[in-house]
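# Report on the structure
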Amino acid sequence: MGHPKPRISRVLFEEVMKKGHTKGNTLVSVRFLTTNKEKGGANQKEEKPFAAVVSKKSYKKAVDRNKLKRRGRAIFDSVSKNCPPGNYILFFKKGTLELPFSVIKNEVKTLFEKLK
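The model shown is predicted, which means the values in this text are computed figures rather than measured ones.

Once that is clear, we can look at the pairing of strand β3 (residues 50-54). The side chains of a regular strand alternate, residue by residue, between the two faces of the sheet. Counting buried positions along β3 gives four out of five residues, so the element sits mostly inside the fold. You can see the chain leave β3, run along helix α2 (residues 62-79) and come back into strand β4 (residues 86-92), and the turn it takes is left-handed.

The biggest cluster of nonpolar side chains holds 22 residues, and the ones touching the most others in it are Val28, Val30, Tyr88, Leu90, Phe92, Val108 and Phe112. Residue contacts for Val28: discarding those within four places in its chain leaves Leu90, Phe91, Phe92, Lys93, Val108 and Leu111.

The next thing to look at is the packing of aromatic side chains. Scanning the model with the defined rule gives five aromatic pairs in all. Considering the side-chain rings of Phe50 and Phe76, the 4.2 Å spacing of their centres and the 10 degrees angle between planes classify their relative orientation as stacked. Highlighted residues: Phe50 in strand β3 and Phe76 in helix α2, separated in sequence by 26 residues. Classification of Phe50 as buried rests on a relative accessible area of 7%. We classify Phe76 as buried; its relative accessible area is 1%.

Reading guide: rules and limits
- Residues numbered from 1 in each chain as written.
- Predicted model: local features only at pLDDT ≥ 70, side-chain atom pairs only at ≥ 80, totals over all residues.
- Heavy atoms only, no water.
- Buried < 20%, exposed > 50% of the residue type's maximum accessible area, 1.4 Å probe, protein only.
- Helix = DSSP H or I, 4+ residues; strand = E, 2+ residues; numbered from the N terminus.
- Right-handed = clockwise from strand over helix to strand, strands pointing away.
- Core = buried A, V, L, I, M, F, W, Y, C linked by side-chain atoms within 4.5 Å.
- Contact = heavy atoms within 4.5 Å.
- Phe/Tyr/Trp six-rings, centres within 6.5 Å; stacked < 30°, edge-to-face > 60°.

Shown next, in the form of structure tokens:
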């Protein structure tokens, strides 16, 4: 059992942080950097590297941070099919963990619909 989506490398993470665009709401924010389809030709898979970030300032326990990251990966798997190819970083804000999974999923889904 591994990560179904490719992870963002450290170099790519820094590039997304510097050059990426940000959208957000009260629970989550996403920073993204779209890629060109022509870059790799027609045979290139439309991979969407993804990272979930939970601040230690928001949740002290690693168990809580990891739980939110797992939820983020699960949500991204279902939402990413409709997103343009690119690199995505999902930031969870304080108070997100206390809400049910369905509420978080709906918030992330509406956030990703704004990206189109």
